[in-house]
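Results of the structural survey
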Amino acid sequence: MALRSRISGTGSCVPRKVVTNQDLERIVDTSDSWISSRTGIKERRVSVGETTVVMAVKAARNALKSADISAKEIDLVVVGTVTPEMIFPSTACLVQSQLGIKSGAAAFDVSAACSGFLYALDAADKYIKAGAAKKALVIGVDQFSRIIDWKDRSTCVLFGDGAGAVVLSAGEGERGVLSSVIHSDGRHWEMLYAPGSIQPSHFEEKAANDYYVKMNGNETFKLAVRTMGKAITDIIEDAGLATEDIALLIPHQANIRIINATKERLKLPDDRVFTNIEKYGNTSAGSIPLALDEAVRAGRVKDGDIVVFVSFGGGLTWGATVVRW
Ligand code: UT7
């Protein structure tokens, strides 16, 4: 029988500091009613000392605990992040070191913005299916508070910090990842990007000098609705299933209106779509695994359920995964 990757544990971590919409009213020209009605966000978490690695390690420890395995059993660590603490080593190597994961395990980061977790999951799933890893730690984490312009109301109200992690275990049988796809279209990189502090070699001078996240919100919104809807129908078909089989859809939490439009497109009832955007905003690569962990801990996922993840983000990148729980 073919090998599958089973999600045997989940964990998450968010910073303690809560920043409400009312708090933001004091920083930029915005209002709770604008943010709530346009995005569904009420509050977000902002790191005070809880860096990318701190959040990743805590989320990973919680996932190992829920999988009831020791860090020593992990032979692959993949981290999706665009806010690493250092250019190198990778966040994955720092996580490996802090958790005491054995020397010789493989550890690397993937950069796919809000799709970072699904890219990391896709990579780890393929290692497991190929027999190249038995137990993988897959983490999605971002600390956007570091790369947001807190004077720009069009972006600062949208994002928050957070992390989520899963343990993937190789096994035979019907449960586990049934299908996983990742996609990109680099032609649209200017829709959502953060130039960062590295001097880019082939971008214009103005982009190089500007550090913070930039987004064409309207265009990103339209593409996100179209792309996520199609990604779900394609992957469900690939897995030999129908949308009615979806027990729980866990979409990237960027905007409640994007999630609702996707839900309507697929004719999914409310109770089959998980959202927690009101508490955390858009946590980029942390978004899906953080929502998954909350869904699991709230008893929303039962053995045998078909669970679907879908993401969309800078790159442009997008991805989808179907799991039989
Ligand atoms: O995770 C990766 C993917 N990211 C996304 O999917 C994000 C996609 N985009 C969105 O979620 C939405 O486009 C936004 C939430 C970013 C914006 O919502 P919108 O309904 O598209 O608003 P808009 O950009 O069309 O702006 C409408 C108005 C503008 O004022 P005028 O020109 O109509 O006078 C903005 O200046 O709202 C204004 N505005 C704000 N007002 C109060 C923009 N940001 C704010 C703000 N507070 N924070």
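Calculation criteria
Residues numbered from 1 in each chain as written. Predicted model: local features only at pLDDT ≥ 70, side-chain atom pairs only at ≥ 80, totals over all residues. Heavy atoms only, no water. Domains from an automatic or database assignment. Buried area = accessible area lost by both parts, 1.4 Å probe. Salt bridge = Lys/Arg side-chain N within 4 Å of Asp/Glu carboxyl O. Helix = DSSP H or I, 4+ residues; strand = E, 2+ residues; numbered from the N terminus. Buried < 20%, exposed > 50% of the residue type's maximum accessible area, 1.4 Å probe, protein only. Contact = heavy atoms within 4.5 Å. Phe/Tyr/Trp six-rings, centres within 6.5 Å; stacked < 30°, edge-to-face > 60°. Core = buried A, V, L, I, M, F, W, Y, C linked by side-chain atoms within 4.5 Å. Axes fitted to C-alpha atoms, helices over the stretch in contact; angles between N-to-C directions. Parallel < 35°, antiparallel > 145°, perpendicular 65-115°, else oblique. Left-handed = near helix turned anticlockwise from the far one by under 90°. Nonpolar A, V, L, I, M, F, W, Y, C, P; charged D, E, K, R; others polar. Pairing = 2+ DSSP bridges.

**Looking at the domain arrangement of the chain**
Partitioning the chain into structural domains gives domain 1 (3-174) and domain 2 (178-324). Taking only C-alpha atoms, the centre of domain 1 and the centre of domain 2 are 14 Å apart. In this assembly, domain 1 packs against domain 2 so that about 3,700 Å² is buried in total across both faces, 61% of it on carbon and sulfur atoms. Counting the surface domain 1 buries against domain 2, the share from its top three residues, C114, L118 and Y119, is 17%. Taken together, domain 1 and domain 2 are joined by zero salt bridges.

**A look at the side chain of T39**
Topologically, T39 is positioned in helix 2 (residues 32-39). Looking at T39, the relative accessible area reads 2%, which means it is buried. Not counting residues up to four positions away in its chain, the partners in contact with T39 are W34, L158, N255, I256 and I277.

**Quick notes on helix 4 (residues 91-99)**
All buried positions along helix 4 are accounted for by T91, A92, L94, V95, Q96 and L99. Where helix 4 is buried, its residues contact helix 3 (52-67), strand 4 (76-80), strand 5 (106-110) and strand 6 (135-143).

**A short note on the packing of aromatic side chains**
On inspection of all chains with the given rule, the structure shows four aromatic pairs. Ring geometry for F108 versus Y127: centroids 6.1 Å apart, planes at 40°, classification tilted. Taken together, the residues F108 in strand 5 and Y127 in helix 5 (residues 116-129) connect sequence positions 19 residues apart. Among the residues examined, F108 registers a relative accessible area of 23% and is labelled partly exposed. On the numbers, 5.4 Å between centres and 85° between planes, the contact of Y211 with Y212 is edge-to-face. Judged by relative accessible area, which is 33%, Y211 ranks as partly exposed. Assessed through its relative accessible area of 32%, Y212 is described here as partly exposed.

**Structural notes on the nonpolar core**
Counting 30 residues, the largest nonpolar core has I7, L121, V138, V166, L168, I250 and F309 as its most contacted members. Among the secondary structure elements, those contributing two or more residues to this core are strand 4, helix 5, strand 6, strand 7 (161-171), strand 11 (246-251), helix 11 (287-297) and strand 12 (306-313). With seven residues, the single largest contributor to this core is helix 5. Of the residues that make up this core, three or more belong to each of domain 1 (3-174) and domain 2 (178-324). In this structure, I250 is in contact with F274, I288, A291, L292, A295, V307, V308, F309 and V310, ignoring residues within four places of it in sequence.

**Side note on the pattern of salt bridges**
In this structure the tally under the stated criterion is 13 salt bridges. D29 is paired through a salt bridge with R153; the nearest N and O atoms lie 3.7 Å apart. Remark: R153 occurs in helix 6 (residues 153-156) and D29 occurs in the loop between helix 1 (21-25) and helix 2; sequence separation between them is 124 residues. The residue R297 makes a salt bridge to D293 at a minimum N-O spacing of 2.7 Å. Separated by four residues within a single helix, R297 and D293 lie in helix 11, roughly one turn from each other.

**So, the packing of helix 8 (residues 217-238) against helix 9 (residues 256-266)**
Their axes nearest at 9 Å, the elements helix 8 and helix 9 cross at an angle of 40°. By the criterion of interaxial angle, the relationship of helix 8 to helix 9 is oblique. For the pair helix 8 and helix 9, the crossing hand works out as right-handed. Contacts between helix 8 and helix 9 pair F221, A224, V225, R226, M228, G229, I232 and T233 from the former with R257, I258, A261, T262, R265 and L266 from the latter. Here the residues of the contact of helix 8 with helix 9 sort into eight nonpolar, three polar and three charged.

**Focus: the sheet that holds strand 11**
In space, the four strands of this open sheet follow the order 8-13-12-11, with mixed pairing throughout. Of all the strands in the sheet, just strand 8 (176-184) and strand 11 have a single pairing partner and so form its edges. On average, adjacent strands in this sheet sit at an angle of 10° to one another, irrespective of strand direction. Strand direction decides the pairing type here: strand 12 and strand 13 (residues 317-324), joined by eight bridges, are antiparallel. Bridge pairing in strand 13 links S311 to G319.

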